[in-house]
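Understanding the architecture of this molecule
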Amino acid sequence: MHFLEGRIVDTCVYEHEAWFQEAVAKKFLVYKAGIIDGQCQRCRNTNLSFFYTFHCAVCEDVCTYCRKCIRLGRVSSCTQLVTWNGPPYTRAIAHHYNFHGQLTAAQQHAAEQIIDSLEQKRGHLLHAVCGAGKTEILFQPIVAALKKGLRVCVATPRTDVVLELFPRFQQAFSQTSIQALYGGATVEPIFAQLIIATTHQLLRFEDAFDVMIVDEADAFPYTYDDMLQQAVHKAKTPDAPILFVTATPTKPLLKQMKKEQWGYSFLPRRYHGYALPVPTMRALRRAAKQIRSGKIPSKLKGWIEERLAQQQPFLLFVPTVELVKQLVPLLQQLDEQIDGVYAEDEARKEKVLALRAQQLKGLVTTTILERGITITNVQVAVICADDAIFDAGALIQISGRVGRHQAYPTGDIVLFYDAITLAMDEAIREIKRLNEVRV
Ligand SMILES: [Zn+2]
Ligand SMILES: [Zn+2]
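Our subject in this report is the structure included herewith. Note that this is a predicted model, so its numbers are computed, not measured. (Residues numbered from 1 in each chain as written. Chains lettered and ligands numbered in written order. Predicted model: local features only at pLDDT ≥ 70, side-chain atom pairs only at ≥ 80, totals over all residues. Heavy atoms only, no water.)

Considering the sheet that holds strand β7 (residues 80–84)
This is how the line gets drawn: Only when DSSP finds a minimum of two bridges between them are two strands counted as paired. Only DSSP runs of H or I reaching four residues or more are called helices, and only runs of E reaching two or more are called strands; each is numbered from the N terminus. To obtain each axis, a line is fitted to C-alpha atoms, and for helices this fit is confined to the stretch in contact; angles are then taken between N-to-C directions over 0 to 180 degrees.
Strand order in the open sheet formed by three strands is β1-β7-β2, and the pairing between neighbours is antiparallel. What marks the edges here is a single partner per strand, and that holds for β1 (8–10) and β2 (29–33). Strand after strand, the sheet turns through a mean of 35° between neighbouring axes, direction not considered. Here three bridges tie β1 to β7, and the two strands are oriented antiparallel to one another.

Printed below as a string of structure tokens:
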């Protein structure tokens, strides 16, 4: 029943479970209506335009529900939400730390700076280029917090990042109760001291975490969605510090850091010491139109045939789901072991694993795989790189997929374009600048 600690849940989801009934019998729960005084009690939305009034079959009356957090199930005025008011779960202070890799001096220094900030309950920004090994940097600060009996959350806007991080944390902290939360995840009803979650899932929490880590803080949709930013604050205890982690901090984030005097760690080098791959630009006229008419543009075809001949796995970024669907059958004529992924694809997890296991030779993808993904020796191309969806941050992240492994520290990153954009220029300039920073 301690599953409920720190959560805010809809009674009707769990009321038939024995552990829930036990919590009810022991009077460990506080009840409240889903919407009170024009505020959704789950996502705290007060914007009237997100409330919808309807004739409700549950309460057989006129009822209002919140559309803002509808993705997590409907909260309406007749919904009964509960929070935990029982004794706190006895948190483990013995945690097995199972990481045998060696941190570089820069990684170790950053880890110590972060531990220091968290101890002082001060915000911190870890600004580490793609491939700097930021997950390894987080291990020591997390284990230090866990050993104090604190509850820790690593939140990220991207499901794919949760899927990538979860097994690595399970390996590093093999005795710790860890949960991965994302849309569609199977969740065991237990208390977890370490939670890896999408920022959306944080809407289900309140006052829960003593340390909050926001990974890929600049990723869509977090930066554009007040609700998700609020969710991070709501899910943590009022004085819990936030550690932001990103390779491409936005200007508002840097500004906030200065204003609130956070700690700052900057790692401009990859852990293996090689430079970041600089994209090459290749003009490719009307790529989308050619693909739509059933033809693989010849420059792209040449690039893919080279990857197949050299037996290099590849990622092909395209701006839309439609293009993924149009391009995949064409490429499968070149090789059947090429597939595609996009956000709504139920097999996306399996397909990424298949690429990593070399059961697939290449994946066509939308920007969902722009960050968090590590595939040894992967080669990358972007089609329609001048599309507005590829901002400078996205292009830097995409380029950052290449050359991450010590044994394959370089690789190909090509931007196929119709017309050069400011974002392309900016991304290339920033990558070159980072490569020149002296450490
Ligand atoms: Zn809501
Ligand atoms: Zn109702």
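After that view, the rundown keeps rolling.
Overview of unusual backbone geometry
Filter applied, for reference: Classification of residues uses two cut-offs on accessible area relative to the type maximum, computed with a 1.4 Å probe and protein chains only: under 20% is buried, over 50% is exposed, and between them is partly exposed.
Phi is positive for Lys-121, close to 55°, though the residue is something other than glycine. Among the structural elements, Lys-121 can be located in the loop between α3 (105–119) and β8 (124–128). For Lys-121, a relative accessible area of 46% gives the class partly exposed. Of note, the phi angle at Gln-261 is positive, near 55°, even though the residue is not glycine. For Gln-261, a relative accessible area of 61% corresponds to the exposed category.

Remarks on the pattern of salt bridges
Pairs may arise between side chains of opposite charge once their charged atoms sit close together. This is how it is decided: Salt bridge, as used here: a side-chain nitrogen of Lys or Arg that lies within 4 Å of a carboxyl oxygen of Asp or Glu.
The tally for this structure, following the rule as stated, stands at 20 salt bridges. Note that Glu-136 and Arg-168 form a salt bridge whose closest N and O atoms lie 2.9 Å from each other. Of the two residues, Glu-136 is situated in helix α4 (residues 134–147) and Arg-168 in helix α5 (residues 159–172); the sequence distance between them amounts to 32 residues. The class for Arg-168 is partly exposed, based on a relative accessible area of 28%. Note that Glu-216 is salt-bridged to Arg-371, the shortest N-O span being 2.8 Å. With Glu-216 in the loop between β12 (211–215) and α6 (226–235) and Arg-371 in the loop between β18 (362–365) and β19 (379–382), this pair connects stretches of sequence that are 155 residues apart. Each member of the pair, Glu-216 as well as Arg-371, carries the same accessibility label: buried. Residues joined in a network through salt bridges with shared partners are Lys-134, Arg-158, Asp-215, Glu-216, Asp-218, Glu-370 and Arg-371.

Considering helix α9 (residues 298–310)
Selection criterion: Each helix should span, by expectation, one fewer than its residue count multiplied by 1.5 Å. Read the arc as the range of directions from the helix axis to the C-beta atoms. Note on contacts: a residue pair is in contact if any heavy atoms of the two residues lie within 4.5 Å.
The first and last C-alpha atoms of α9 sit 18 Å apart over 13 residues, in line with the 18 Å expected at 1.5 Å per residue. Turning to α9, its buried residues are Leu-300, Trp-303, Ile-304 and Arg-307. For α9, the angular spread of the buried residues around the axis is 95°, confining them to a single face. Away from the buried face of α9 by more than 90 degrees, exposed residues Ser-298 and Ala-309 are located. Taken together, the buried residues of α9 touch β16 (314–317), α10 (321–332), β17 (338–341), β19 and β20 (413–417). Remark: Gln-311 follows α9 within two positions and exhibits a positive phi of approximately 55°.

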